[in-house]
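Letter by letter, the chains look like this.
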Amino acid sequence: MSTGTERGRFADVSAQDVLGWVLILGLVVLGVHLVWQLFTGDLTLGRLGRYVWNGFVDSLYIGLAAIGLSMTYSILRFANFSHGDLITTGAFSGWTAAYVIGGIGIAELSSRLLLRADGGAQPGEVGMSILGSPVAIVLGLVTAAVITILVALAIDRLVYRNLRNADGITLLIASVGVALALRYVIAFFYTSDTRGVVASSPSLTDEHLSVIGLLPSGSINLHEATLVISALTLIVAVHLLLQYTKLGKSMRAMSDNKDLALITGIPTERVIFSTWVIGAGLAGVAGYLIVLDRGQITINLGWFLLLLIFAAVILGGIGSIYGALAGSLVIGMTINLSLVWIPADLNEIAAFTLMILVLIYKPDGLFGGVETA
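The following paragraphs examine the structure supplied in this document. (Residues numbered from 1 in each chain as written. Predicted model: local features only at pLDDT ≥ 70, side-chain atom pairs only at ≥ 80, totals over all residues. Heavy atoms only, no water.)

1. Comments concerning the overall build of the protein chain
Part 1 of the argument: Each helix and strand in the protein chain was counted, giving 15 helices and four strands.
Part 2 of the argument: In the protein chain, 75% of the contacts between residues at least 6 apart in sequence involve partners at least 24 apart.
Part 3 of the argument: When the accessible area of the protein chain is evaluated, it comes to approximately 17800 Å², of which 68% is carbon and sulfur surface. (Helix = DSSP H or I, 4+ residues; strand = E, 2+ residues; numbered from the N terminus. Contact = heavy atoms within 4.5 Å. Areas by Shrake-Rupley, 256 points an atom, 1.4 Å probe, with all protein chains shown as cover.)

2. What to know about unusual backbone geometry
Part 1 of the argument: Unusually for a residue other than glycine, threonine 191 sits at a positive phi of about 70°.
Part 2 of the argument: Examined against the element boundaries, threonine 191 turns out to sit in the loop between helix 8 (168–190) and strand 1 (195–196).
Part 3 of the argument: Owing to a relative accessible area of 28%, threonine 191 belongs among the partly exposed residues under this scheme. (Buried < 20%, exposed > 50% of the residue type's maximum accessible area, 1.4 Å probe, protein only.)

3. A look at helix 15 (residues 347–361)
Part 1 of the argument: Along its 15 residues, helix 15 runs 22 Å from first to last C-alpha, staying within 8% of the 21 Å computed at 1.5 Å per residue.
Part 2 of the argument: Those residues of helix 15 lying buried are Asn347, Ala350, Ala351, Leu354, Met355, Val358 and Leu359. One side of helix 15 holds all its buried residues, which, seen down the axis, span an arc of 160°. (Expected span 1.5 Å × (residues − 1). Arc of directions from axis to C-beta.)

4. Points about the environment of phenylalanine 56
Part 1 of the argument: Along the chain, the position of phenylalanine 56 falls in helix 3 (residues 45–76).
Part 2 of the argument: Residue phenylalanine 56 is classed as partly exposed on the basis of its relative accessible area, which comes to 26%.
Part 3 of the argument: In sequence terms phenylalanine 56 and isoleucine 331 are 275 residues apart; their C-alpha atoms lie 9.7 Å from each other.
Part 4 of the argument: Not counting the four nearest positions on each side in its chain, phenylalanine 56 is found in contact with Val228, Leu232 and Met333.

5. Observations concerning the packing of aromatic side chains
Part 1 of the argument: Here the structure, examined in full by the defined rule, presents eight aromatic pairs.
Part 2 of the argument: Each ring, one from phenylalanine 78 and one from tyrosine 160, has its centre 5.1 Å from the other, and the planes form 50°; the classification is tilted. Of this pair, phenylalanine 78 sits in the loop between helix 3 and helix 4 (83–102) while tyrosine 160 sits in the loop between helix 7 (134–158) and helix 8, and the two are 82 residues apart along the sequence.
Part 3 of the argument: Taking 5.5 Å as the distance between ring centres and 0° as the angle between the ring planes, the aromatic pair formed by tyrosine 160 and tryptophan 276 counts as stacked. A residue pair is termed long-range when its members are at least 10 positions apart, and tyrosine 160 in the loop between helix 7 and helix 8 and tryptophan 276 in helix 12 (residues 268–294) qualify at 116 residues. Here tyrosine 160 and tryptophan 276 have matching classes, each one buried.
Part 4 of the argument: Three or more aromatic residues joined by ring pairs form one cluster here, namely Phe78, Tyr160 and Trp276.
Part 5 of the argument: Over the aromatic face of tryptophan 303 sits the side chain of arginine 183, whose NZ or CZ is 4.3 Å from the ring centroid. (Phe/Tyr/Trp six-rings, centres within 6.5 Å; stacked < 30°, edge-to-face > 60°. Lys NZ or Arg CZ within 6 Å of the ring centre and 35° of its normal.)

6. Structural notes on the packing of helix 10 (residues 246–256) against helix 12
Part 1 of the argument: Look at helix 10 against helix 12: their axes get within 10 Å of each other, and the N-to-C directions meet at 105°. As summarised for this structure, helix 10 and helix 12 are arranged roughly perpendicular, according to the angle between their axes. Contact with helix 10, carried on its side by Leu247, Ser250, Met251 and Met254, involves Thr268, Val271, Ile272, Ser274, Thr275 and Ile278 of helix 12 and no other residues of that element.
Part 2 of the argument: Partitioned by chemical class, the residues of the contact of helix 10 with helix 12 number six nonpolar, four polar and no charged. (Axes fitted to C-alpha atoms, helices over the stretch in contact; angles between N-to-C directions. Parallel < 35°, antiparallel > 145°, perpendicular 65-115°, else oblique. Nonpolar A, V, L, I, M, F, W, Y, C, P; charged D, E, K, R; others polar.)

7. Thoughts on the pattern of salt bridges
Part 1 of the argument: Tallied over the entire structure, the rule returns two salt bridges.
Part 2 of the argument: Between arginine 50 and glutamate 224 there is a salt bridge, with the nearest N and O atoms lying 3.5 Å from each other. In this pair, arginine 50 is assigned in helix 3 and glutamate 224 in helix 9 (residues 222–244), connecting sequence segments 174 residues apart.
Part 3 of the argument: The class for arginine 50 is partly exposed, based on a relative accessible area of 24%. (Salt bridge = Lys/Arg side-chain N within 4 Å of Asp/Glu carboxyl O.)

8. Description of helix 3
Part 1 of the argument: The first and last C-alpha atoms of helix 3 sit 45 Å apart over 32 residues, in line with the 46 Å expected at 1.5 Å per residue.
Part 2 of the argument: Arginine 77 sits one or two positions beyond helix 3 and adopts a positive phi of about 60°.

9. Comments concerning the nonpolar core
Part 1 of the argument: In terms of nonpolar packing, the biggest core is built from 86 residues, with Trp95 and Ile331 touching the most fellow members.
Part 2 of the argument: Counting residues per element, this core draws most heavily on helix 12, which supplies 14 residues.
Part 3 of the argument: Every residue in contact with isoleucine 331, bar those within four places of it in the chain, is listed here: Ile62, Leu308, Ala311, Ala312, Leu315 and Ala351.
Part 4 of the argument: Membership of the second largest hydrophobic core comes to six residues, among which are Leu34, Leu43, Tyr51 and Leu339. (Core = buried A, V, L, I, M, F, W, Y, C linked by side-chain atoms within 4.5 Å.)

10. Some remarks on the environment of threonine 334
Part 1 of the argument: You can see threonine 334 is positioned in helix 14 (residues 321–337).
Part 2 of the argument: You can call threonine 334 buried: its relative accessible area is 15%.
Part 3 of the argument: Each C-alpha atom of the pair threonine 334 and glycine 55 lies 7.3 Å from the other, and the pair is 279 residues apart in sequence.
Part 4 of the argument: When near neighbours in sequence (up to four residues on either side) are disregarded, threonine 334 contacts Ala350, Ala351 and Leu354.

11. Some words on the side chain of serine 175
Part 1 of the argument: Counting through the fold element by element, serine 175 comes out in helix 8.
Part 2 of the argument: By relative accessible area, serine 175 is classed as buried at 0%.
Part 3 of the argument: Of the polar contacts made by the side chain of serine 175, one reaches the backbone nitrogen of phenylalanine 81; its length is 3.0 Å.
Part 4 of the argument: Not counting residues up to four positions away in its chain, the partners in contact with serine 175 are Phe78, Ala79, Asn80, Phe81, Ser82 and Tyr160. (Polar contact = N/O pair within 3.5 Å; in protein donor to acceptor, adjacent residues only side chain to side chain.)

The structure is reproduced here in structure tokens:
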């Protein structure tokens, strides 16, 4: 009898359960190895703290962009492959505005308008840092959001509105075409060259800033701090909008059931308009902040990030904004903490591998596929 009972128990164990236990065991082994490296001195606490901090910073700009992508899917029901190039649009438009304002009397107007495509004044000469040109940096951030919103609304009016009732594949292909067109329009004006547009970040250095040794030399990179404060502010603002405003409730209702929302009198076109405004604005800000952190700009900026953004959205549970944020945190941390064990050129592979393993065990994502804004 006991043998039969044991066989029954094993029969109830699925392949997904086995994979789940293997995944947990693997994470435990990596955790133990991490502690061992700290104990033996092969890994310093400061270096680990830098990996954790970088993972948190990366997860914030991925999260900002992922919110917009998740909202687009949740409300409009299609995977928007042009979202990455909206990020690029925000980066170029925002930094153009910053250069035009901050470089007055320092660089030629044509050079500022084309973001040093002619090899004009260096970022340091123009003072492109948060302390060197704070007004220009802030106005550039606002411009990035506004221009990206206008571009997204124009694309919706010209392309997506005519395909509102089309199937998902048609919309996906259309979005790929929009992405390519948008990218090469940007390349036509700005060239395809990668170049530096941000000066070295100023830092605050103080022994009192160090928290149990996690901040190397007790320093705070002000550009990273600007990114963190801006991103967290916007994420909290989106949360408050979704949970406590009439628009947010309408968006959540339309996300759950578009037809029912239409019957109950919710203005669906207004909700769609708001979705583009919020999603595109966040994408533009994300692109601008990424350049502020990295210092360089390229026409492939958003395109290269798009896979990570999709990974975050799918991992969290496609259609869920909070899932997208959770997925972004997992992706950002994995990319950086994996550097403890693997080379930097393989760290994104670690993130995608973890995503695949989690999805095999939990196909609906971390938030169970709850399709709600």
